[in-house]
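Secondary and tertiary structure notes
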Amino acid sequence: MLFKPSQLLAAVLMHVLLLGLLLGGVQCTPKPPQPEIIEAALLEAPREGKPPPPAPEPPKPDPVPEPPKPEPKPEPQKPEPKPEPPKPEPKPEPPKPEPKPEPPKEDPKKAERLRQEAEIAEQKREAAAKLEAERLLAKQAEAEAARVKAEAEAQAKREAEELKKRAAEEERQRKLAEEERLRKEAEDKRRAEEKARQEALQRQLQAEEDARMAQVIRAAQITWAQMINRALERAWLRPPGNTDQFICKLNVRLLPNGQVVSATITKSCGSPILDDSVLKAVYKASPLPLPPEPSAFVPELNISFQPRF
């Protein structure tokens with residue numbers, strides 16, 4: 001494994017820093033102070049019979065601690081020269097393959113027996129694999145049959161539901177159509193009854209109006225006939241020497257303004273002289289008076305003329 005020059009330089013600097021810290025720590029450790037030795041002399045001789053009492057030891061002065069020596073300042077480390085990158089090692093030559101030992105010769109009977117056992121084991125494996133494949137195929141066939149059956153049942157269920165929905169929709173549409181037909185029939189019947197009632201009422205009103213108008217027209221025509229008779233009496237001149245009572249009938253055609261178009265005797269007055277005098281009176285009275293009711297006017301009248309003496 002080759003290292004980069006920057007990695008090698010960083011490793012060397014790290015080792016130099018660690019070495020400097022170790023050396024500086026050893027120099028900065030203070031030495032323990034040496035205890036002072038005090039010398040003493042015996043002043044009195046010891047008495048006989050009694051051992052001299054031990055002289056009291058003078059109190060030892062407390063050792064004065066030495067002032068701590070100033071720690072030497074570490075000298076600035078000089079940057080070490082960059083190490084040269086290691087030269088790549090030569091690749092080792094691959095080992096030469098050792099000669100394979102010759103296989104020992106086998107017993108032919110044993111080899112035949114092993115071969116037969118291997119064939120039997122292979123046949124068993126093939127039979128087991130065949131059985132497993134047949135089992136998997138049977139399982140897949142069952143799963144496929146179950147899937148097809150489930151899909152067929154689901155499809156049949158969907159078709160049945162769709163058929164049911166369609167039948168329900170058709171029944172709803174049929175009921176709506178039947179209701180609409182009954183409503184239309186009822187509406188047509190109501191309209192027909194209303195129309196028949198209106199027509200019956202109209203006919204009744206028309207009949208009443210016609211009856212009323214007929215009465216009005218009859219009354220107006222009676223009045224109109226009297227007005228025409230009076231107009232003819234005023235215009236009629238009795239022939240000299242004729243004093244007989246008579247009645248004659250005339251057919252008179254008029255214009256809407258009462259102007260006489262023609263006059264004809266339908267029943268004679270009794271003599272041509274009287275008939276001629278009546279016709280002259282009709283033309284002389286033209287235009288004849290009109291009826292008080294305009295609807296009572298007819299363009300052709302049958303008049304009965306009977307003068308009053």
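Fair warning: this is a prediction, and the values are worked out from it, not measured in the lab.

What follows deals with the overall build of the chain. On a plain count of helices and strands, the chain comes out with three helices and three strands. Taken from the N to the C terminus, the helices and strands of the chain come in the order α-α-β-β-α-β. Here the chain holds 309 residues, and the buried ones make up 12% of them. For the chain, the accessible area works out to roughly 27,400 Å², and carbon and sulfur atoms hold 60% of it.

Take the pairing of strand 3 (residues 300-305) next. The side-chain alternation of strand 3 yields one buried face, formed by Leu301, Ile303 and Phe305, and one unburied face, formed by Glu300, Asn302 and Ser304. Sheet topology places strand 1 (residues 248-254) next to strand 3; six bridges connect them, and they run antiparallel. Bridged to Leu250 within strand 3 is Ile303.

A full pass over the atoms with the stated rule returns one disulfide. Note that Cys248 is cross-linked by a disulfide to Cys269, the S-S spacing being 2.4 Å. Every disulfide takes its handedness from the sign of the S-S torsion; for Cys248 and Cys269 that torsion is 55°, giving right-handed. Of the two residues, Cys248 is situated in strand 1 and Cys269 in the loop between strand 2 (260-267) and helix 3 (272-285); the sequence distance between them amounts to 21 residues. Per residue, the accessibility class of Cys248 equals that of Cys269, and both read buried.

Let us look at the pattern of salt bridges. The tally for this structure, following the rule as stated, stands at 18 salt bridges. For the salt bridge of Glu132 with Arg135, the shortest nitrogen-to-oxygen distance reads 2.3 Å. In this pair, Glu132 and Arg135 are both assigned in helix 2 (residues 108-235), three residues apart and thus about one turn of the helix distant. One salt bridge in this structure joins Arg191 and Glu187, with 3.2 Å as the shortest N-O distance. Taken together, the positions of Arg191 and Glu187, both in helix 2 and four residues apart, correspond to about one turn of that helix. Its relative accessible area of 52% is what places Arg191 among the exposed residues. A single salt-bridge network, built from bridges that share partners, covers Glu112, Arg115 and Glu119.

Rules used in this analysis
Residues numbered from 1 in each chain as written. Predicted model: local features only at pLDDT ≥ 70, side-chain atom pairs only at ≥ 80, totals over all residues. Heavy atoms only, no water. Helix = DSSP H or I, 4+ residues; strand = E, 2+ residues; numbered from the N terminus. Buried < 20%, exposed > 50% of the residue type's maximum accessible area, 1.4 Å probe, protein only. Areas by Shrake-Rupley, 256 points an atom, 1.4 Å probe, with all protein chains shown as cover. Pairing = 2+ DSSP bridges. Disulfide = S-S within 2.5 Å. Salt bridge = Lys/Arg side-chain N within 4 Å of Asp/Glu carboxyl O.

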